[in-house]
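# Commentary on secondary and tertiary structure
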Amino acid sequence: METSGGIQASLGGRYAIALFELARDSKSIDTVEASLASVRDALAQSDDFRALTTSPLVARGAAVKAILGVADSIGIDATTKNFLGVLAENRRLGQLPAIIRAFRTLAARHRGEATAEVTSAHPLTDEQVGELKQQLRARMGREVSVDLSVDPELLGGLVVRIGSQMIDSSIRTRLNTLAHAMKG
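Throughout, a residue's number is its position along its own chain's written sequence, starting from 1. In view of the model being predicted, local features appear only for residues whose pLDDT reaches at least 70, and side-chain atom pairs are presented and counted only at 80 or more, with totals across whole chains, interfaces and linings using the full set of residues. Side-chain measures were taken over the full set of non-hydrogen atoms in the model, leaving aside hydrogen atoms and water.

## Concerning the nonpolar core
Membership of the largest hydrophobic core comes to 32 residues, with the highest contact counts inside it found for Val-39, Leu-84, Leu-87, Leu-96 and Phe-103. Counting residues per element, the ones that place at least two in this core are helix H2 (11-25), helix H3 (29-45), helix H4 (47-54), helix H5 (60-73), helix H6 (78-89) and helix H7 (96-110). Two residues qualify as a contact provided that any one of their heavy atoms is within 4.5 Å of a heavy atom in the partner residue. With residues near it in sequence (within four places) discarded, Leu-96 still touches Val-39, Leu-43, Thr-53, Leu-84 and Leu-87. The next biggest cluster of nonpolar side chains, apart from the first, holds ten residues, and it includes Val-118, Val-144, Val-146 and Val-160. The definition of a nonpolar core used throughout is a set of buried Ala, Val, Leu, Ile, Met, Phe, Trp, Tyr and Cys residues joined through side-chain atoms within 4.5 Å. Buried means the residue's accessible area, taken with a 1.4 Å probe over protein chains only, is under 20% of the maximum for its type, while exposed means over 50%, and partly exposed covers the values in between. Helix numbering and strand numbering both begin at the N terminus, where a helix is a DSSP run of H or I of at least 4 residues and a strand a DSSP run of E of at least 2.

## What about the pattern of salt bridges?
Side chains carrying opposite charge are able to pair once their charged atoms draw close together. Between Lys or Arg on one side and Asp or Glu on the other, a salt bridge is scored when a side-chain nitrogen of the former is within 4 Å of a carboxyl oxygen of the latter. In this structure the tally under the stated criterion is ten salt bridges. We note a salt bridge from Arg-24 to Asp-25, for which the minimum N-O separation is 3.7 Å. Relative accessible area serves as the criterion here: at 29%, Arg-24 is assigned to the partly exposed category. Classification of Asp-25 as exposed rests on a relative accessible area of 60%. The partner of Arg-137 in a salt bridge is Glu-143, and the shortest N-O contact between them spans 2.9 Å. With relative accessibility at 34%, the residue Arg-137 sits in the partly exposed group. Of the residues examined, Glu-143 reaches a relative accessible area of 41% and is grouped as partly exposed. Ionic contacts of the salt-bridge type, sharing partners, join the residues Asp-30, Glu-33, Arg-111 and Glu-113 into one network.

## Considerations on the pairing of strand E2 (residues 144-150)
Two strands pair if DSSP finds at least two bridges between them. Relative to E2, strand E1 (residues 114-120) runs parallel, the two being bridged by seven bridges. Bridge pairing links Thr-119 to Ser-149 in E2. Here, the term right-handed applies to a crossover whose path from the first strand over the helix to the second runs clockwise when the strands point away from the viewer. For the crossover that starts at E1, traverses helix H8 (residues 126-140) and ends in the parallel E2, the hand is right-handed.

## Some points on the packing of aromatic side chains
For Phe, Tyr and Trp, where Trp contributes only its six-membered ring, two rings pair if their centres lie within 6.5 Å, and the inter-plane angle classes them as stacked under 30 degrees, edge-to-face over 60, or tilted in between. In total, this model carries two aromatic pairs according to the counting rule given. Their ring planes at 75 degrees and their centres at 6.3 Å tell us that Tyr-15 and Phe-83 sit as a pair that is edge-to-face. Linking Tyr-15 in helix H2 with Phe-83 in helix H6, this pair joins segments that are 68 residues apart in sequence. Residue classification places Tyr-15 among the buried positions, given a relative accessible area of 17%.

Next up, the structure:
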């Protein structure tokens, strides 16, 4: 399998590659990707879940039990559930955001897509996401899957990352650039 050195170089990337190869061999890439999206949403929405994954004070056994309980409650597949158990056992739950990002990149590459990480000040409508995908497809010359997140501190506009390329049209950046130019 072709993986980039960038993904292999990080600890989260190595875990993501292991999970991806498991998912590929069991023909469940889409299922695992959907489960990881549910985990990502749970991390974004639940302070308790986020604390479970990042606190060094949670005992290993308690972390394993809690993460398997969360996995059942959000209805994720067996492969991803077992993987979360291994992460908890190895005290690597803090790597989850990086693992999820790397897995999405691997899955998109497997499908021949590029992945764009898009951060907006407000949630985008389905129509806006469709338009954005169309513009990115025209720019990249291939299908682009988008990984959406919201950061109110941007004030407005978007920050789009595709691989090492970044397009920053956020109002915060424009204001910072203007303030910098006015000082000089």
